[in-house]
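In case you want the letters, here they are:
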Amino acid sequence: MQNAIAAFSNLAPLTQFLLWIMLFLVVPGLCERFKVPGVLGFILLGWLLGPNGIGLLDPDSLVSRMGSELGVGLLLFFVGFEIDFALLKKARAQVLCFGIATFGLPLAAGTLVARLAGFELNAALLIGSLLASHTLLAYPIVERAGLVGRLSVVATAGATVFTDVAAMVVLAVCLLVHQTGFSESIILKQLVQIAVFVPLMIFGASWLIKQLVQRVRLRFEAQLLLFFVLVAGGSEAATLFGLDGIVGAFMAGIAARRAIRREEPTHVLKVVANTFLIPAFFMATGMLIQPAVLVETLREQPLLALGLVAALVAGKFLAAWTTGKLFGYQRAEIGLCFSLTLPQVAATLAATTVAYRTVNAAQQPLISHEVLNAVLLLVVLTSIGGPLLSQRYVSRLAAQPVADPAALPEGSR
């Protein structure tokens, strides 16, 4: 094995890159064959081939770092790009209610668990925010079943807008406090910067992109390259406002969605990102897994590992149940809302890795390796359990008629 590892490290960079590509070709097919989410497959592959596995891949190599940096930027870009603010108009009251509940309840529960586990307030708040956002991993199941017209599904998709934006804001503030220390003036300054940066990106950057595309009449290839510029430009702009780069990539995705209506360039870029760059980030994240640390965490700090799982499940379910009861959802609809908001993948992974790599003046990370492994355990469990539950509830609702949003009272829309 040592000879094979040494031989791989001595290969030319282009040959190493070719072997990476072969992995990206094989793994998705294996995951589909064994009905395992692709993100989970790449995380486990990163652990297996990384320094905590057989040691074949080095997370500090140029290929690993470049792929990971581009991957996390594009991952958050597409999280933002998938947000459709038109959803907020279809079910305003339900989106607002469910958005606040499915963000606030897991945030409070996760923060409480972290505090009980001994973390200081800033780190505990950051840990709680990791549970507050969600990834609509099972949304394709709902689309195939023709249930996207249900107001409960619209409310769930719309609530993603609230949770993702709010989670990015909490991340930005917590990173600042960790790096500079708590100061009311600094926090106020950061909140003002966020208040300026967010509308500047959503409205200003989207207007600029629209003018550029319409007046310059960029070719298809140039539009494709424009998205890479947007990811990099958004990340750099965020740093000018004292925010982490992934916040800028996220906001750049929202701006691009508002400005560019053509699907072809985004579709091509998404194929490239999902085929190579985003999986590279998942693999790099998997390289951080330390099974011995995870086992030790489960043994010595069960409150942290299992408590975060319980906090997530309880918070997301209570949010779905409360909203469902308030707006008259069926039991299966409540279950579907809960299962759709359960998976913790995109924003959670990105925020976790950034928090783990952010150190203060004493070179202490914002979250410990134990938290990182506990979150990765959460990702594994929810990326499997969420879609399975969604499929169960979708099968119950598929044969039922879809409510017409226009027939509902104004207050419930």
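Each remark here, short or long, concerns the structure printed above.
Overview of the structure. Remember, it's a predicted structure, so these values are computed and weren't measured experimentally.

Glancing now at the overall build of the protein chain. For the protein chain, the helix and strand inventory stands at 18 helices and zero strands. Expressed as a percentage of its 413 residues, the buried residues of the protein chain come to 52%. Residue pairs at least 24 apart in sequence account for 80% of intrachain contacts in the protein chain once pairs closer than 6 positions are excluded. Carbon and sulfur atoms make up 67% of the accessible area of the protein chain, which totals about 18800 Å².

Attention shifts here to the packing of aromatic side chains. Each pair of aromatic rings is reported with the distance of its centres and the angle of its planes. One pass over the structure, following the stated rule, counts six aromatic pairs. Consider the rings of F77 and F227, whose centres lie 5.8 Å apart with planes at 75°: the pair is edge-to-face. Of this pair, F77 sits in helix α4 (residues 62-81) while F227 sits in helix α11 (residues 220-240); the two residues are 150 residues apart in sequence, bridging distant segments of the chain. For the pair shown, F77 and F227 are each scored as buried. Their ring planes at 85° and their centres at 6.5 Å tell us that F81 and F227 sit as a pair that is edge-to-face. Taken together, the positions of F81 in helix α4 and F227 in helix α11 put the pair 146 residues apart, joining distant regions of the chain. Taking the relative accessible area as the measure of exposure, F81 reaches 6% and is therefore buried. A cation over an aromatic ring shows up here: R257 above the ring of F81, its NZ or CZ 5.9 Å from the ring centre.

This next bit is on unusual backbone geometry. You will see that Q363, though not glycine, has its phi angle at about 60°, which is positive. Mapping Q363 onto the fold places it in the loop between α17 (346-357) and α18 (369-397).

Take the packing of helix α15 (residues 302-327) against α18 next. Geometrically, a packed helix pair is captured by the angle between its two axes and the distance between the axes. For the pair α15 and α18, interaxial distance at closest approach is 9 Å and the crossing angle is 45°. With respect to their mutual orientation, α15 and α18 come out oblique. The way α15 lies across α18 gives a crossing that is right-handed. Two secondary-structure elements touch here, α15 through L304, A305, L308, V309 and L312 and α18 through E370, V371, A374, L378, L381 and T382.

Mapped onto the elements, H369 comes out in helix α18. Overall, the relative accessible area of 16% leaves H369 in the buried class. Polar side-chain contacts of H369 include one of 2.7 Å to the side chain of Y356. Setting aside anything within four residues of it in sequence, one finds H369 in contact with L288, Q290, V293 and Y356.

With that out of the way, let us pick up a nonpolar patch on the surface. Judged by side-chain polarity, L25, V26, L30, F34 and V36 come together as a nonpolar surface patch covering roughly 490 Å² of accessible area. Note that F34 resides in the loop between α2 (13-33) and α3 (38-49).

Next up on the list: helix α10 (residues 184-216). Here α10 contains 33 residues, and its C-alpha end-to-end distance of 45 Å stays within 8% of the 48 Å for a straight helix at 1.5 Å per residue. Its axis deflected by about 40° at L200, α10 carries its strongest bend there. Positive phi shows up at R217, right after α10, with a value of about 55°.

With that settled, the discussion passes to the nonpolar core. Considering soluble globular proteins, one finds that nonpolar side chains tend to be buried as a cluster. Among the nonpolar cores identified, the biggest contains 117 residues, and L76, F77, F197, M251, F282 and L349 are the most heavily contacted of them. Looking at this core element by element, the count peaks at 14 residues for helix α9 (residues 151-180). When near neighbours in sequence (up to four residues on either side) are disregarded, F77 contacts F227, L230, V231, A249, F250, A252, G253 and A256. With 11 residues, the next largest nonpolar core counts L147, A332, L336 and L340 among its residues.

This part is about the side chain of T382. Examined against the element boundaries, T382 turns out to sit in helix α18. At 3.1 Å, the side chain of T382 and the backbone nitrogen of Q344 are in polar contact. At 2.8 Å, the side chain of T382 forms a polar contact with the backbone oxygen of L378. Setting aside chain neighbours within four positions, we find T382 in contact with L312, L342, P343, Q344 and P387.

Before going further, it helps to examine the environment of G385. Mapped onto the elements of the fold, G385 is located in helix α18. Classification of G385 as partly exposed rests on a relative accessible area of 22%. On a C-alpha basis, the gap between G385 and P343 in space is 7.8 Å, while along the polypeptide they are 42 residues apart.

Let us now look at the packing of helix α14 (residues 291-300) against α15. Between α14 and α15, whose axes approach to 5 Å, the crossing angle comes to 90°. Here α15 runs roughly perpendicular to α14, going by the angle between their axes. Residues T297, L298, R299 and E300 of α14 form the contact with α15, whose own contacting residues are P302, L304, A305 and L306.

Parameters and conventions
- Residues numbered from 1 in each chain as written.
- Predicted model: local features only at pLDDT ≥ 70, side-chain atom pairs only at ≥ 80, totals over all residues.
- Heavy atoms only, no water.
- Helix = DSSP H or I, 4+ residues; strand = E, 2+ residues; numbered from the N terminus.
- Buried < 20%, exposed > 50% of the residue type's maximum accessible area, 1.4 Å probe, protein only.
- Contact = heavy atoms within 4.5 Å.
- Areas by Shrake-Rupley, 256 points an atom, 1.4 Å probe, with all protein chains shown as cover.
- Phe/Tyr/Trp six-rings, centres within 6.5 Å; stacked < 30°, edge-to-face > 60°.
- Lys NZ or Arg CZ within 6 Å of the ring centre and 35° of its normal.
- Axes fitted to C-alpha atoms, helices over the stretch in contact; angles between N-to-C directions.
- Parallel < 35°, antiparallel > 145°, perpendicular 65-115°, else oblique.
- Left-handed = near helix turned anticlockwise from the far one by under 90°.
- Polar contact = N/O pair within 3.5 Å; in protein donor to acceptor, adjacent residues only side chain to side chain.
- Patch = residues over 30% accessible without salt bridge, like charges linked within 9 Å, V, L, I, M, F, W, Y side chains within 5 Å.
- Salt bridge = Lys/Arg side-chain N within 4 Å of Asp/Glu carboxyl O.
- Expected span 1.5 Å × (residues − 1).
- Bend = angle between axes of the 7 residues up to and from the residue.
- Core = buried A, V, L, I, M, F, W, Y, C linked by side-chain atoms within 4.5 Å.

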